[in-house]
Amino acid sequence: MAIEDNPRSREQYGQELKRRREAAGLTQEELSQRAVMSRTHIAHIEAGRRRPDVEDARRLDQVLGAGGFFERFLPTLDGRKVAEHFKGALEFEGQATAIKEYAPSLVPGVLQTQQYAYEVFSSSYPRKSDGECEQFLATRLDRARILDNFHSPEFCALLDETVLRRVIGGPAVMCEQLRHIVELGECRRIHVHVLPFSVGAHTLLEGFLSLMWFEEMPPIAYAEGVNNGRILELPSSVRECQEIYDLALGDSLSHRKSLDLLRSVAEDYEHAAQRAHHP
């Protein structure tokens, strides 16, 4: 019997873990050793800041003799449709106070417009029905609500110029999408930087990267490739990702120049859309 993943459900889940751990006479460190989990991870679960994955929950059940409790009552995403490899990152995204992302070929999810996102989902593999596309789209648009709060999270988008030039859904869709990013940048809700083609090779050529910071947790990195993604929590790995990002950011256009380029390319798309309607 899974429950909806929200702050209150995670708090209750964590309280139950703490109660059963203490009843078993174990410290967080002792439980971490027996369950093959980090002590920090257990501390975050007990505080309601994190939720374990299924394998973690099963090990907690086994070590604490909980009879399957922690797996049965594991908070879930409550029907929100995302790629399986992104589920952990989605949870972190909602808690982050600062996010820095690099996008190699597509607009980052939280910045996507409805039409752009629908085109992305409808062309993905395995193929999705119209109903499935609508479910994924609803989740993606819901993710964008983290930008409704002007102050948190701070959001920086580093876009390869490919993102601007790859035509997703046609010129009209691209025009709307790029102007949406410009609007967010103009109202100071996000910082945006473009890595122009003229830079050539750079440190982030290999794929999508998201860096996240939190109030009460150490920062993490999330790296994504084709149908796979992984969360990096080891401090040395996260620092390396931050350094790689900063090096690429140093090669990018300034926020102001990036907005100028986005406006210019959006205008080109607008003209192309007009020519398509009035050949």
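Scroll up to find the structure this text is about.
Now for a quick tour of the structure. (Residues numbered from 1 in each chain as written. Predicted model: local features only at pLDDT ≥ 70, side-chain atom pairs only at ≥ 80, totals over all residues. Heavy atoms only, no water.)

Per the stated rule, a full pass over the model turns up 4 aromatic pairs. Each ring, one from Tyr-13 and one from Phe-70, has its centre 5.6 Å from the other, and the planes form 75°; the classification is edge-to-face. Separated by 57 residues along the polypeptide, Tyr-13 in helix 1 (residues 7-23) and Phe-70 in helix 5 (residues 69-72) bring together distant segments of the chain. In this structure, Tyr-13 and Phe-70 share a single accessibility class: buried. (Phe/Tyr/Trp six-rings, centres within 6.5 Å; stacked < 30°, edge-to-face > 60°. Helix = DSSP H or I, 4+ residues; strand = E, 2+ residues; numbered from the N terminus. Buried < 20%, exposed > 50% of the residue type's maximum accessible area, 1.4 Å probe, protein only.)

The next subject is helix 8 (residues 130-143). Here helix 8 contains 14 residues, and its C-alpha end-to-end distance of 20 Å stays within 8% of the 20 Å for a straight helix at 1.5 Å per residue. Residues Cys-133, Phe-136, Leu-137, Thr-139, Arg-140 and Arg-143 constitute the buried set of helix 8. Down the axis of helix 8, the buried side of the element spans an arc of 160°, and every buried residue falls inside it. (Expected span 1.5 Å × (residues − 1). Arc of directions from axis to C-beta.)

Time to look at helix 7 (residues 114-122). Considered for burial, the residues of helix 7 that qualify are Tyr-116, Ala-117, Val-120 and Phe-121. When helix 7 is viewed along its axis, its buried side chains cluster within an angular range of 130° and face the same direction. Each element contacted by the buried residues of helix 7 is listed here: helix 8 and helix 10 (171-186). (Contact = heavy atoms within 4.5 Å.)

Further remarks concern the packing of helix 2 (residues 28-35) against helix 4 (residues 54-64). Across the interface, helix 2 lies against helix 4 with an axial gap of 9 Å and an inter-helix angle of 110°. By the angle class used here, helix 2 and helix 4 are roughly perpendicular. Crossing of helix 2 against helix 4: the hand is right-handed. For the pair helix 2 and helix 4, the contacting residues are Leu-31, Arg-34 and Ala-35 in the first and Arg-59, Leu-60, Val-63 and Leu-64 in the second. (Axes fitted to C-alpha atoms, helices over the stretch in contact; angles between N-to-C directions. Parallel < 35°, antiparallel > 145°, perpendicular 65-115°, else oblique. Left-handed = near helix turned anticlockwise from the far one by under 90°.)

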